[in-house]
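Tertiary structure, described
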Amino acid sequence: MRIGILGGTFDPVHIAHLIVAEEARIQLDLEEVVFIPTGQPWLKADQPISPANLRMEMVRVAIASNPFFRLSSIEVDRPGPTYTLDTLVALREEWGREAELHFILGTDALQELPRWKEPNRIIELCTPVVFSRPEYTNVSLEELEDALPGITGKVRVLRDPQIGVSGTEIRRRVAGGASIRYLVPEGVGRFILEHRLYCKEEAGG
């Protein structure tokens, strides 16, 4: 099995998440892409995020039309701070050694990877799959190699369109009464409106 893993707060999930997931599926010939909303992100412990059940439901609505996308609650169900290492270990135990795990992350997250819990173990458990984010273009794999020996030989870079959409900008637009049409799937837009999410401007990424 070749499985893609796309994690994040998904607060909210938006079109760039879906585009990246689909590009990874096609370019890497993945059987499926699993969306994993984070439970308690330790890197954003000082930032407000929406309740996990609402973020889960937004992802469920967003991916419903794609049979190759699946939602997992593994990080939401696990108590305590969310660490990618713990998730990968649990998925490896669940799916077996024959599963090829492709962990999809942005260049901003790749830059932070040396700070994560046991990053060398992470790159042993999966193939990092990197997509570009317009605001983070100066990431050097050579510099990362110094901190994480062997990463340049494992990382895969997606040939993806750079879509300048972020959760931060969407939350700001909602708080300011601006339209988010076409920035999120139509069902997600209705969900945000119905639950009055982001009505007050929040900090965060």
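Comments concerning the overall build of the chain
The secondary structure content of the chain amounts to 10 helices and 6 strands. Over its C-alpha atoms the chain spans a radius of gyration of 16 Å, differing by no more than 12% from the 17 Å that the globule rule assigns to 205 residues. Split into buried and exposed, the 205 residues of the chain put 47% on the buried side. Only carbon and sulfur atoms are counted for the fraction: they give 49% of the accessible area of the chain, which is about 10500 Å². Of the charged side chains in the chain, 23 are positive and 30 negative; the average position of the first set lies 4 Å away from that of the second.

Structural notes on the layout of surface pockets
Of the volumes computed, that of the second largest pocket is approximately 410 Å³. Taken together, the residues of the lining of the second largest pocket sort by class into 10 nonpolar, 2 polar and 4 charged.

Points about the packing of aromatic side chains
Given two aromatic rings, their pairing is described by the distance between the two centres and the angle made by the two planes. Applying the stated criterion to the full structure yields 3 aromatic pairs. Considering the side-chain rings of Phe10 and Phe35, the 5.8 Å spacing of their centres and the 40° angle between planes classify their relative orientation as tilted. Of this pair, Phe10 sits in the loop between β1 (2-8) and α1 (15-27) while Phe35 is found in strand β2 (residues 32-37), placing the two residues 25 residues apart along the sequence. By the burial criterion, Phe10 is buried, and Phe35 matches it. When the ring of Phe35 is compared with that of Phe69, the centres are 5.1 Å apart and the planes differ by 55°; the resulting orientation is tilted.

Describing the sheet that holds strand β3 (residues 69-71)
In spatial order, the strands read β3-β2-β1-β4-β5-β6; together these 6 strands make up an open sheet with parallel pairing. The open sheet is flanked by β3 and β6 (156-157), the only strands paired with a single partner. For β1 and β2, the ladder comprises 6 bridges, and the chain directions are parallel. When the bridges of β2 are listed, Ile3 appears paired with Glu32. Contacts from α1 reach β1, β2, β3, β4 (100-106) and β5 (127-131), with the element oriented near 145° to β2.

A closer look at helix α10 (residues 186-194)
For α10, every residue scored as buried is listed here: Gly187, Val188, Phe191 and Ile192. Looking down the long axis of α10, one finds its buried residues gathered within 140° of arc, a one-sided arrangement. Seen from the buried face of α10, the exposed residues on the opposite side, beyond 90 degrees, are Glu186, Leu193 and Glu194. On its buried side, α10 packs onto α2 (52-63) and α9 (167-175).

Comments concerning the environment of Glu124
Residue position: Glu124 is located in helix α6 (residues 119-125). Through-space distance from the C-alpha of Glu124 to that of Asp46 is 30 Å; in sequence the pair is 78 residues apart.

Some details on the nonpolar core
Core analysis: the biggest nonpolar cluster contains 34 residues, and Val33, Phe35, Met58, Ile63, Ile104 and Ile192 have the highest contact counts within it. Going through the elements one at a time, α1, β2, α2, β3, β5, α9 and α10 are the ones with two or more residues in this core. If one sorts the elements of this core by residue count, α2 sits on top with 6 residues. Other than its neighbours up to four places away in sequence, Ile192 contacts Pro12, Met58, Val174, Ile180, Leu197 and Tyr198. Within the second largest apolar cluster, 26 residues are counted, among which are Leu88, Ala109, Leu125 and Cys126.

Comments concerning the pairing of β1
Note: β1 against β4, 5 bridges, orientation parallel. Each bridged residue has a counterpart across the sheet, and for Arg2 the counterpart in β4 is Glu100. As for the winding sense of the linkage, the β-α-β connection from β1 through α1 to β2 is right-handed.

Overview of unusual backbone geometry
Looking along the chain, the bond that leaves Asp11 and enters Pro12 is cis, with omega of 5°. You can see Pro12 is positioned in the loop between β1 and α1. The phi torsion at Asp29 lies on the positive side, around 55°, for a residue other than glycine. You can see Asp29 is positioned in the loop between α1 and β2. Positive phi outside glycine occurs at Arg196, with the angle close to 50°. We classify Arg196 as exposed; its relative accessible area is 62%.

Thresholds, definitions, all that
- Residues numbered from 1 in each chain as written.
- Predicted model: local features only at pLDDT ≥ 70, side-chain atom pairs only at ≥ 80, totals over all residues.
- Heavy atoms only, no water.
- Helix = DSSP H or I, 4+ residues; strand = E, 2+ residues; numbered from the N terminus.
- Rg over C-alpha atoms; globule rule 2.2 N^0.38 Å.
- Buried < 20%, exposed > 50% of the residue type's maximum accessible area, 1.4 Å probe, protein only.
- Areas by Shrake-Rupley, 256 points an atom, 1.4 Å probe, with all protein chains shown as cover.
- Lys, Arg positive; Asp, Glu negative; His and termini not counted.
- Charge placed at Lys NZ, Arg CZ, Asp CG, Glu CD.
- 1 Å grid on protein atoms, 1.4 Å probe; cavity = no way out; pocket = protein on both sides within 12 Å on 5 of 7 lines; lining within 4 Å.
- Points joined across faces, edges and corners; volume = space filled by probe spheres on them.
- Nonpolar A, V, L, I, M, F, W, Y, C, P; charged D, E, K, R; others polar.
- Phe/Tyr/Trp six-rings, centres within 6.5 Å; stacked < 30°, edge-to-face > 60°.
- Pairing = 2+ DSSP bridges.
- Contact = heavy atoms within 4.5 Å.
- Axes fitted to C-alpha atoms, helices over the stretch in contact; angles between N-to-C directions.
- Arc of directions from axis to C-beta.
- Core = buried A, V, L, I, M, F, W, Y, C linked by side-chain atoms within 4.5 Å.
- Right-handed = clockwise from strand over helix to strand, strands pointing away.

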